[in-house]
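Chain residues, written in single-letter form:
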Amino acid sequence: MKNVEPAALSVEGLSHAYGARQALKDVTFSIQPASFTVLLGLNGAGKSTLFSLVTRLYGTQRGAIRIFGHDVSRSSGEALRLIGIVFQPRTLDLDLSVEQNLTYHAALHGIGTRTARRRANEVLARIGLSDRRRDKVRDLSGGQMRRIEIARALLHEPRLLLLDEPTVGLDIASRADMLDHVRALVAEQRVCVLWATHLIDEVSESDDVIVLHQGRVLAHGAVARVIADAKAADIRAAFTALTRSAAGEESSEAA
Amino acid sequence: MSSDVAARPIGFSVAQYAICLKGIVWREGLRFLHQRERFISALVRPLVWLFIFAAGFRQVLGVSIIPPYDTYVLYEVYITPGLMAMIQLFNGMLSSLSMVYDREMGNMRTLLVSPLPRWYLLASKLIAGTVVSLLQVYAFLLVAWFWDIEPPLIGYLTVLPALVLTGLMLGALGMLISSGIKQLENFASVMNFVIFPMFFASSALYPLWRVREGSPALYYVCALNPFTHAVELIRFALYGQVNWVSLAVVCGCTAAFMVGAILAYDPSRGFIARRGPGGDA
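Keep in mind the model is a prediction, meaning the values are calculated, not measured.

Visitor: Just checking my understanding: could you explain the sheet that holds strand β3 (residues 36–40) of chain A for this structure?
Guide: Two orientations exist for strands paired in a sheet by backbone hydrogen bonds: parallel and antiparallel. Residues and elements named next belong to chain A. One open sheet holds the 6 strands; their spatial order is β6-β7-β8-β3-β9-β10, and the pairing between them is mixed. Each edge of the sheet is formed by a strand with only one pairing partner; in this case those strands are β6 (83–86) and β10 (216–222). For this sheet, the mean inter-axis angle between neighbouring strands, taken without regard to orientation, is 15 degrees. Where β6 lies against strand β7 (residues 160–164), 4 bridges are found, and the strand directions are parallel. When the bridges of β7 are listed, Ile 85 appears paired with Leu 162. Most of the contacts of helix α6 (residues 172–189) go to strand β8 (residues 192–197), to which it runs at about 155 degrees, and overall it touches β3, β7 and β8.

Listed below in structure tokens is the structure:
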């Protein structure tokens, strides 16, 4: 785990509670630069809480989070400028144009209008939406909005891209499209991606996977190894076996 | 690639801070211009008070000569500064409402995950809200001018710093309140428990000596109300004078509300950290 170059994201002993409810329990994992990692978990597993902690929407209660070696609590500015994030709810200004949304985001990162326009043109060209530059976001389809959000997250050239259930509400074609697009980013631009989802069919053989269940990491590593360790036939069977044995442990603990 | 990461400059330059502020003000302005109904209602609200309420009350309430006025003034003239402050009060509360809306819709996250310090982001947001309130107040003054509310010309300039301060104070108050509001629906209670009491228990509609005649207890409430001091600061500034007590109170309250709002939005100790993820878990 300790390479010469720091991990893109390293989480150590992270616990978080909302009052009495424990959302994350002693979560530890790290992901390497230029990898595609799927954070797999059912609704309520703690994925959004984890993202909120990584992006410092909430302060860390216990444990540490580092982005390329920068501690999120201590040097949050340096950590945050290396992250691009696509949240689960849509976060675009519907009444503003595509370009206005992008330049606003750039300004929040201290990037001036001229550079912002140039980069906006680049990212829009890459997702094939250059001609919609001046359109209001309201007039775009759900899939197009998501692509704009990804483009926006890449505008300040982050090295780590976090996506929280980005395919929710999209049709099958747009889903596949989006997965291809993000995988291409990893291959071409060496961006490291953490992709949170509850949809098992979004996991591919070549990915890394982190299985998060009820706030705990049940498995972590290359998909093939996780399948082998769980002695399962595929990732779906492995996920079922892992969560079932976790439920068994939980009830024996309670007994 | 790690060398690429290491090669990035550490920290932010002054120019980057300025770009960020400009971006936030620009977005707030654009949003305001796109919501034409918001602008119209921001303008109509005080005008209703000026055209209807003040006309009706003109005969009921006589206003004696009190500073900063050096002559008897019409009731319309008396309540104009109060209505200017009211515009800012509503704007402050509405931008706090928009923060709650942004938080529910997720736009707030876009702001808060910016790598610049969070206090700076909130302060920029506050400045942006104040700029929007200035547009509204001057639009109101323009219409009022045709209604024979004609303060000295220099007053339009001298009132500007006062309006900036009161706008910041009321915006910071709104921001502080927004951190405590869980849902959009709770805005009705903000109307009932913040806007109306603040507005009516102040010198906006009647001079405080009048209130004292009616109820000494209410007089003290009014005298302690920061909104009274916002109104008086604007009233004096509109006639090129400074009300030092009000200036001190407004400055003090602005600082206190701002610190409160920044602490409330602090990730490690604020309300948002305690509240949990709400609907987005």
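Back to the write-up after that little detour.
Visitor: Would you mind going over the domain arrangement of chain A with me for this structure?
Guide: The parts lose accessible area when they come together, and the size of an interface is often stated as this lost area. All names here are of chain A. Per the domain assignment, the segments of chain A are domain 1 (28–82 + 158–231) and domain 2 (92–157). Look at where the C-alpha atoms of domain 1 and domain 2 centre, and you get two points 23 Å apart. Looking at the side of domain 1 that touches domain 2, the element that brings in the most residues is α6, giving 4 residues. Split into classes, the residues belonging to the side of domain 1 that touches domain 2 amount to 6 nonpolar, 3 polar and 1 charged.

Visitor: What exactly am I supposed to notice about the interface of chain A and chain B here?
Guide: Tallying the contact residues gives 40 residues for chain A and 33 residues for chain B. Secondary-structure elements contributing two or more residues to the side of chain A that touches chain B are α1 (47–54), α2 (76–80) and α3 (98–108) of chain A. Of all the elements, α3 of chain A adds the most residues to the side of chain A that touches chain B, at 5 residues. By residue class, the composition of the side of chain A that touches chain B is 17 nonpolar, 14 polar and 9 charged.

Visitor: Whenever I open this one, the environment of Pro 161 of chain B confuses me. Can you help?
Guide: Residues and elements named next belong to chain B. Relative to the assigned elements, Pro 161 resides in helix α7 (residues 153–180). Among the residues examined, Pro 161 registers 13 C-beta atoms within 10 Å and is labelled partly exposed. In sequence terms Pro 161 and Thr 110 are 51 residues apart; their C-alpha atoms lie 31 Å from each other.

Visitor: How should I be thinking about the confidence of the model for chain B in this particular structure?
Guide: Detailed reading of the predicted model is not advised wherever pLDDT is low. All names here are of chain B. Here chain B averages 86 in pLDDT, and 89% of its residues register 70 or above. Looking across chain B, the model is least confident in helix α1 (residues 2–7), with a mean pLDDT of 50, and most confident in helix α11 (residues 226–238), with 96. Here residues 276–281 is modelled with pLDDT under 50, and outside its nearest four sequence neighbours on either side it reaches 10 contacts, counting other chains as well. Two numbers describe this predicted complex: its pTM, 0.86, and its ipTM, 0.85.

Visitor: Help me out: how do you make sense of the nonpolar core in this one?
Guide: In globular proteins that are soluble, nonpolar side chains generally tend to be buried together. Of all hydrophobic cores here, the largest spans 147 residues; its most connected members are Met 169, Ala 172 and Ile 234 of chain B. Two domains each donate at least three residues to this core, and these are domain 1 (28–82 + 158–231) and domain 2 (92–157) of chain A. If we skip the residues at most four places from it in the chain, Ala 172 of chain B touches Leu 126, Thr 254, Phe 257, Met 258 and Ala 261 of chain B.

Visitor: Just checking my understanding: could you explain the environment of Ile 181 of chain B for this structure?
Guide: Residues and elements named next belong to chain B. Its location among the elements puts Ile 181 in the loop between α7 and α8 (187–200). Along the primary structure Ile 181 and Gly 252 are separated by 71 residues, whereas in three dimensions their C-alpha atoms are 24 Å apart. Leaving out residues up to four positions away in the same chain, Ile 181 has contacts with Val 100 and Asn 186.

Visitor: Please explain unusual backbone geometry as it appears in this structure.
Guide: The peptide bond linking Pro 67 of chain B to Pro 68 of chain B adopts the cis configuration, its omega dihedral lying at 5 degrees. In this fold, Pro 68 of chain B is placed in the loop between α3 (36–57) and α4 (75–105). For Ala 34 of chain A, which is not glycine, the phi dihedral falls at a positive 55 degrees. By secondary structure assignment, the location of Ala 34 of chain A is in the loop between β2 (21–31) and β3. Within the chain, Gln 214 of chain A stands out as a residue other than glycine whose phi angle is a positive 45 degrees.

Rules used throughout
- Residues numbered from 1 in each chain as written.
- Chains lettered and ligands numbered in written order.
- Predicted model: local features only at pLDDT ≥ 70, side-chain atom pairs only at ≥ 80, totals over all residues.
- Pairing = 2+ DSSP bridges.
- Helix = DSSP H or I, 4+ residues; strand = E, 2+ residues; numbered from the N terminus.
- Axes fitted to C-alpha atoms, helices over the stretch in contact; angles between N-to-C directions.
- Contact = placed C-beta atoms within 7 Å.
- Domains from an automatic or database assignment.
- Nonpolar A, V, L, I, M, F, W, Y, C, P; charged D, E, K, R; others polar.
- Buried ≥ 20, exposed ≤ 12 C-beta atoms within 10 Å, placed from the backbone.
- pLDDT = per-residue confidence, 0-100.
- Core = buried A, V, L, I, M, F, W, Y, C linked by C-beta atoms within 7 Å.

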